[in-house]
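Letter by letter, the chains look like this.
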Amino acid sequence: MRLAHDDALDTSHGAILYLEDVSVSFDGFRALNRLNLDISVGELRCIIGPNGAGKTTMMDVITGKTRPTAGSAWFGQRHDLATMSEHQIARAGIGRKFQRPTVFESHTVFENLELALKTDKRVRAALFARLDGEQRDRIDAVLRQIRLDDQAWRPAGLLSHGQKQWLEIGMLLIQEPALILLDEPVAGMSDFETERTAELLDELRGKHSIMVVEHDMGFVAHIARQDKVTVLHEGSVLAEGRMDEVQADERVIEVYLGR
Amino acid sequence: MTHPTQALFSRPARYLLVALVVVAALLPLLHLVFPPGHTLHISGYTLALVGKFMCYALAALALDLVWGYTGILSLGHALFFALGAYAHGMYLMRAIGRDGVYGSALPDFMVFLDWQELPWFWAFTDSFWYCMVLVVLVPGVLAFVFGYFAFRSRIKGVYFSIITQALAYACMLLFFRNDTGFGGNNGFTDFRRILGHDITAPGTRAVMFLVTLALLVGALCLCRWLVASRLGRVLQGVRDAEPRLMFIGYDPLWFKLFVWTLSAVLCGIAGALYVPQVGIINPSEMSPANSIEMVIWVAVGGRGTLIGAILGAFTVNGLKSWFTAAFPDLWLFALGMLFILVTLFMPKGMLGLRLPRRRASPTALREKQALEEAA
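Here the structure is a predicted model, which is why all the values come from computation and not from measurement.

Enquirer: Tell me about the overall build of chain B, and name the residues and values.
Expert: Across its full length, chain B holds 13 helices and four strands. The globule rule puts the C-alpha radius of gyration for 375 residues at 21 Å, and the 22 Å found for chain B is close to it. Overall size of chain B, expressed as C-alpha extent along the three principal axes, is 70 × 55 × 45 Å. Taken across its 375 residues, chain B has 41% of its residues classed as buried. Excluding contacts between residues fewer than 6 apart, the proportion of contacts in chain B whose partners are at least 24 apart in sequence is 77%.

The structure is reproduced here in structure tokens:
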């Protein structure tokens, strides 16, 4: 299997993301407490856990929004995430979808994807940028993939909630990231939209390394299949294993599933 | 698929623009060709007034770039305007030569303060072109340095606005001092000539008017090109969803800094065009009220449209000219009322009243209307 960014990332040890003893404190509150986690190349990993378990803080650490108070976070073996800014991490190949869909509402769907294209993203390049045929084809392909090809010229602000979520996923895909972080991708979606999202994730399985944070147990059970699921609790890993193993774990039932 | 924004202006906008520019360019000719008293004569007063409005329109255009498109509300743009005006004013003061009240080579205010020689920062200001470089550099460098630290520290929204206002206010206090070397509260005035020509002569006025018109149209085309480029769409991304922009690999710092500095430079050029036509520049031009008035021009015309900024500058200043003559005490109340009414009932300004744009497809428009009705 050949994944984007392999060479620049150096994933020769098999893992694309390592979090080692990561702690984050906010005014004495420990959002993350010596968290250890690693994700293999091409893996689809679901992260579950009750509110306040530190799921979003973990994503913030990985994407450069929050600096770890202690511990280290590595993307491949070359990128020390604790020293990089948000845009550097994005350029290195980590894409993030927020919990609430965040797209450029006054731009059309097409323009949203155009801005996200994997290309030179500095001021001068943006000033003189023109789309070439290859980039147009790439945008068209992603539009079909996220099932928004008939919405290309509508302002993104007019899309339904589910369509905005897909557009945001499309904006990640078009950057060809090696690792995709999805924060509650089906929150607020209708059953039909949830099903389509699961199909979309299935298409991405194996092509990218993916980390999904999700509350919806049915959805997690559906997409995790035989892949590992990690349960977070109070800022560290409580359990890790296949979905059925995790669901059978006494401690997990106590803190999360049983309630 | 082709991108819908190919031409700089849509066809009707282009015709309207050309028509307006032709009419505006005729004004100085009517001033020169027909003698005073003739029906077609345009007075020097009218010419200077329209010229002044065009300078304001250029400043409004600059503000729209940062506020309307990038979402950065500046309450200190009058500072950049005044700095451009002062930079040009230094040349105009030097060009008075020994024709001042005291017959000295030094500007009158320096003689009055009993200074024996020019301060070091007045060096080379007898050169028109050196001062033109200052017009661009002084507001540009100040904006760049200020912007770098503010944007790097991720100061945003109302905090940024307040700091810009504090900066403008601090500079105003600085310029009010006689020791600062810019004429204290009287500022610069009594200009005699520009590049060897009598500054009040009809021909000189006509040329200054045409130069202002040309720069205004040039700046409009530049801004239009800028906002239609991918960079323009990134700027709107800063306004609408800055975190999203960072997480797809853009560093907002440099985009903000670019547009902020460009805006300050355009504003400085507007000030430089203003000072010879109005004949005076003093620190009260930097007052917070002036910066706020600029914001109102843009809001009234319609922000994020460029044309709206120009329209707003002309409308509000036209009203102001009439109001301050008819009811001088009521102007500030009227201005405040105008701002409240526009904010409440015309959030998109005067341009929000026009017909929907052609670019949106009929289905998109129907959906939009349905959404607005539902809201």
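From this point, things continue past the structure.
Enquirer: Describe the interface of chain A and chain B, naming the residues involved and giving the relevant values.
Expert: In this assembly, 30 residues from chain A lie in contact with 27 residues from chain B. Within the residue set of the side of chain A that touches chain B, elements represented by two or more residues are helix H3 (86-92), helix H4 (109-116) and helix H5 (123-128) of chain A. Along the lines of polarity and charge, the residues of the side of chain A that touches chain B split into 15 nonpolar, six polar and nine charged.

Enquirer: I'd love a proper account of the pairing of strand E8 (residues 209-213) of chain A, names of residues and values included.
Expert: Residue and element names in this part refer to chain A. Among the five residues of E8, five are classified as buried, and the element is accordingly described as predominantly covered. Burial along E8 is two-sided: the residues Ser209, Met211 and Val213 and Ile210 and Val212 are all buried. Where strand E3 (residues 44-48) meets E8, four bridges bridge the pair, whose relative direction is parallel. From the neighbouring strand, Leu44 faces E8, where its bridge partner is Ile210. Bridging between strand E7 (residues 179-183) and E8 involves five bridges; their strand directions are parallel. The residue bridging Asp183 from the neighbouring strand is Val213, located in E8. Following the chain from E7 across helix H8 (residues 191-204) to the adjacent parallel E8, one finds a crossover that is right-handed.

Enquirer: Lay out helix H12 (residues 331-345) of chain B with the relevant residues and their values.
Expert: Counted at 1.5 Å a residue, the expected span for H12(B) with its 15 residues is 21 Å, and the 21 Å between its end C-alpha atoms agrees. Buried residues are scarce in H12(B), accounting for one of its 15 residues.

Enquirer: How would you summarise the nonpolar core if you had to cite specific residues and measurements?
Expert: All names here are of chain B. Of all hydrophobic cores here, the largest spans 176 residues; its most connected members are Leu58, Ala59, Ala60, Leu61 and Ala270. A total of 17 residues in this core trace back to one element, the largest contributor, which is helix H2 (residues 44-69). Not counting chain neighbours up to four residues away, the residues in contact with Ala270 comprise Cys55, Leu58, Ala59, Ala62, Phe81 and Gly84.

Enquirer: Give a description of the sheet that holds strand E6 (residues 94-97) of chain A that names residues and reports values.
Expert: Residue and element names in this part refer to chain A. Strand order across the open sheet formed by six strands is E6-E7-E8-E3-E9-E10, with mixed pairing between neighbours. Strand pairing shows two members of the sheet lacking a second neighbour, E6 and strand E10 (236-241), which therefore form its edges. Shown here is a sheet whose adjacent strand axes are inclined to one another by a mean of 20°, direction ignored.

Enquirer: Which residues make up the confidence of the model for chain B, and what are the values?
Expert: All names here are of chain B. Per-residue confidence for chain B gives a mean pLDDT of 91; residues scoring 70 or more make up 93%. Within the model, the stretch residues 1-5 combines pLDDT values under 50 with six contacts to residues more than four positions away or in other chains. In the model output, the complex is listed with pTM 0.91 alongside ipTM 0.89.

Enquirer: Now, about the pairing of E10(A): what can you tell me, with residues and values included?
Expert: Regular strands have side chains that alternate between both faces of the sheet. Residues and elements named next belong to chain A. Where strand E9 (residues 229-233) meets E10, five bridges bridge the pair, whose relative direction is antiparallel. Bridged to His233 within E10 is Ser236. Turn length for the E9-E10 hairpin, with the two strands adjacent in sequence and antiparallel, is two residues, and the turn residue Glu234 shows positive phi of about 50°.

Enquirer: Hey, could you go over the environment of B:Ala270 for me, with residue numbers and the actual values?
Expert: Residues and elements named next belong to chain B. Relative to the helices and strands, Ala270 resides in helix H9 (residues 252-278). Assessed through the 31 C-beta atoms surrounding it within 10 Å, Ala270 is described here as buried. In this structure, the C-alpha to C-alpha distance between Ala270 and Gly84, residues 186 residues apart in sequence, is 7.3 Å.

Enquirer: Break down the packing of helix H5 (residues 128-152) of chain B against H9(B) for me, with residues and values.
Expert: Residue and element names in this part refer to chain B. One way to put it is that H5 packs onto H9 with a least axis distance of 8 Å and a crossing angle of 150°. Classed by the angle they form, the pair H5 and H9 counts as roughly antiparallel. When you trace H5 past H9, the crossing you get is right-handed. The residues of H9 that touch H5, namely those facing Val135, Val136, Val138, Pro139, Gly140, Ala143, Phe144, Gly147, Tyr148, Phe151 and Arg152, are Leu253, Lys256, Leu257, Trp260, Thr261, Ala264, Val265, Cys267, Gly268, Ile269 and Ala272. Partitioned by chemical class, the residues of the contact of H5 with H9 number 16 nonpolar, four polar and two charged.

Enquirer: Break down the confidence of the model for chain A for me, citing the residues and quoting the values.
Expert: Averaged over every residue, the pLDDT of chain A is 89; residues scoring 70 or more account for 96%. The spread of mean pLDDT over the elements of chain A runs between helix H1 (residues 6-9) of chain A, the lowest at 61, and H4(A), the highest at 96.

Enquirer: An account of the packing of helix H10 (residues 288-301) of chain B against H12(B) is requested, with residue identities and associated values reported.
Expert: Residue and element names in this part refer to chain B. Packing of H10 against H12 brings their axes to within 10 Å, and their N-to-C directions diverge by 40°. The orientation of H10 with respect to H12, classified from their angle, is oblique. Of the two possible hands of crossing, H10 and H12 adopt the one that is left-handed. Here Ile296, Ala299 and Val300 of H10 lie close against H12, whose contacting residues are Leu335, Leu338, Phe339, Val342 and Thr343.

Enquirer: Would you mind going over the sheet that holds strand E1 (residues 15-26) of chain A in detail, with residue names and values included?
Expert: Residue and element names in this part refer to chain A. Read across the sheet, four strands follow the order E2-E1-E4-E5 without closing on themselves; strand pairing throughout is antiparallel. A single partner strand is all that each edge strand has here, and the edge strands are strand E2 (29-40) and strand E5 (79-80). Relative to E2, E1 runs antiparallel, the two sharing eight bridges. Bridged to Ser25 within E2 is Arg30. Those strands touched by helix H2 (residues 55-63) are E1, E2 and strand E4 (70-75), and its axis lies near 65° from that of E2.

The rules behind the values
- Residues numbered from 1 in each chain as written.
- Chains lettered and ligands numbered in written order.
- Predicted model: local features only at pLDDT ≥ 70, side-chain atom pairs only at ≥ 80, totals over all residues.
- Helix = DSSP H or I, 4+ residues; strand = E, 2+ residues; numbered from the N terminus.
- Rg over C-alpha atoms; globule rule 2.2 N^0.38 Å.
- Buried ≥ 20, exposed ≤ 12 C-beta atoms within 10 Å, placed from the backbone.
- Contact = placed C-beta atoms within 7 Å.
- Nonpolar A, V, L, I, M, F, W, Y, C, P; charged D, E, K, R; others polar.
- Pairing = 2+ DSSP bridges.
- Right-handed = clockwise from strand over helix to strand, strands pointing away.
- Expected span 1.5 Å × (residues − 1).
- Core = buried A, V, L, I, M, F, W, Y, C linked by C-beta atoms within 7 Å.
- Axes fitted to C-alpha atoms, helices over the stretch in contact; angles between N-to-C directions.
- pLDDT = per-residue confidence, 0-100.
- Parallel < 35°, antiparallel > 145°, perpendicular 65-115°, else oblique.
- Left-handed = near helix turned anticlockwise from the far one by under 90°.

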